[in-house]
Amino acid sequence: MNIIETNLEFGTLSKRKSTQRIILHHAAGSNFTVEDVHRMHKNNGWSGIGYHFYVRKDGKIYRGRPEWAIGAHASGSNYNSLGICAEGNFENETMSDAQKNSIKELVAYLKNKYKITTVVRHRDVGSTACPGKNYPFYYIANG
């Protein structure tokens, strides 16, 4: 698995004390780069991209927020989680095999690295449809 280092510049970040779960997201947009999401989140007044990883439709995995940092991806649930965002809007799109398999591999890697047993959708911890009705959650989370 190759994680592409982005060297994005962040404002102030806080260190996460524990890592107990992974929260899965979609970008709710079809053609966003990791830099686009970083810029949008900075424009929201955040330190930068709120997700720790961003996976493009071609399956390439990009580092977002540093792994050690508290994310800004699921209000009230950032303190002990890693956020993974998939490019696309899975309310009305379906995920490519390349993207699906990359996210599944990334989730398995992070579960092993941090001894995580809990993987949830953003909608499981907040009032949102994210990551969309067509997101292949069970395939990815249980790999």
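For the structure itself, consult the block above.
Every value quoted in this text rests on a predicted model; they were computed, and no experiment measured them.

About the criteria used
Residues numbered from 1 in each chain as written. Predicted model: local features only at pLDDT ≥ 70, side-chain atom pairs only at ≥ 80, totals over all residues. Heavy atoms only, no water. Helix = DSSP H or I, 4+ residues; strand = E, 2+ residues; numbered from the N terminus. Rg over C-alpha atoms; globule rule 2.2 N^0.38 Å. Buried < 20%, exposed > 50% of the residue type's maximum accessible area, 1.4 Å probe, protein only. Contact = heavy atoms within 4.5 Å. Lys, Arg positive; Asp, Glu negative; His and termini not counted. Charge placed at Lys NZ, Arg CZ, Asp CG, Glu CD. Pairing = 2+ DSSP bridges. Axes fitted to C-alpha atoms, helices over the stretch in contact; angles between N-to-C directions. Core = buried A, V, L, I, M, F, W, Y, C linked by side-chain atoms within 4.5 Å. Phe/Tyr/Trp six-rings, centres within 6.5 Å; stacked < 30°, edge-to-face > 60°. Lys NZ or Arg CZ within 6 Å of the ring centre and 35° of its normal.

Asks: Would you mind showing me how to read the overall build of the protein chain here?
Replies: In terms of regular secondary structure, the protein chain is built from three helices and six strands. Its C-alpha atoms give the protein chain a radius of gyration of 14 Å, within 12% of the compact-globule value 15 Å for 143 residues. For the protein chain, the spread of C-alpha atoms along the three principal axes comes to 35 × 35 × 30 Å. Out of the 143 residues belonging to the protein chain, those deemed buried represent 52%. Contacts in the protein chain between residues at least 24 apart in sequence constitute 73% of all its contacts with a sequence separation of at least 6. Measuring between centres, the 19 positive side-chain charges of the protein chain sit 7 Å from its 12 negative side-chain charges.

Asks: Looking at this structure, how should I read the sheet that holds strand 3 (residues 53-55)?
Replies: Taken together, the six strands give an open sheet; going across it, the order is 1-4-3-5-2-6, and neighbouring strands pair in mixed fashion. The sheet terminates laterally at strand 1 (3-4) and strand 6 (118-121), the two strands that pair on one side only. Where strand 3 meets strand 5 (residues 81-86), three bridges bridge the pair, whose relative direction is parallel. Paired with Phe-53 across the bridge in strand 5 is Ile-84. The strands touched by helix 2 (residues 97-114) within the sheet are strand 1, strand 2 (21-26), strand 3, strand 4 (61-63), strand 5 and strand 6, with strand 5 carrying the most contacts at an inclination of about 170°.

Asks: It is not clear to me how the nonpolar core should be interpreted in this structure. Could you clarify?
Replies: Grouped burial of nonpolar side chains is what soluble globular proteins tend to show. One finds Ile-22, Leu-24, Ile-84, Ile-103, Leu-106, Val-107 and Tyr-135 to be the most contacted residues of the largest nonpolar core, which totals 21 residues. Residue contributions to this core peak at four residues, all from helix 2. If we ignore the near neighbours within four places in the chain, the residues touching Leu-106 are Met-1, Ile-3, Phe-53, Val-55, Ile-61 and Ile-84.

Asks: In this structure, what is going on with the pairing of strand 5? I would like to understand it.
Replies: The side chains of a regular strand alternate, first on one face of the sheet and then on the other. Burial analysis of strand 5 places six of its six residues in the buried class, the great majority of the element. Burial of strand 5 is two-sided: the residues Ser-81, Gly-83 and Cys-85 facing one way and the residues Leu-82, Ile-84 and Ala-86 facing the other way are all buried. Sheet analysis places strand 2 next to strand 5, joined by six bridges and oriented parallel. Within strand 5, the residue paired with His-25 across the bridge is Cys-85.

Asks: Just to check I follow, could you spell out the packing of aromatic side chains for this structure?
Replies: Counted by the stated rule, this structure contains two aromatic pairs. On the numbers, 6.0 Å between centres and 75° between planes, the contact of Phe-90 with Tyr-135 is edge-to-face. Of the two residues, Phe-90 is situated in the loop between strand 5 and helix 2 and Tyr-135 in the loop between strand 6 and helix 3 (137-141); the sequence distance between them amounts to 45 residues. Accessibility expressed as a relative area gives 1% for Phe-90, which makes it buried. Above the face of the Tyr-139 ring, Lys-104 is positioned so that its terminal group lies 3.9 Å from the ring centre. The cationic tip of Arg-121 hangs over the ring face of Phe-137; the distance from NZ or CZ to the ring centre is 4.6 Å.

Asks: When you look at the side chain of His-38 in this model, what are you seeing that I'm missing?
Replies: Topologically, His-38 is positioned in helix 1 (residues 34-43). Given the relative accessible area of 8%, His-38 is considered buried. Those residues in contact with His-38 that lie beyond four places of it in its chain are Leu-8, Glu-9, Phe-10, Ser-47, Gly-48 and Ile-49.

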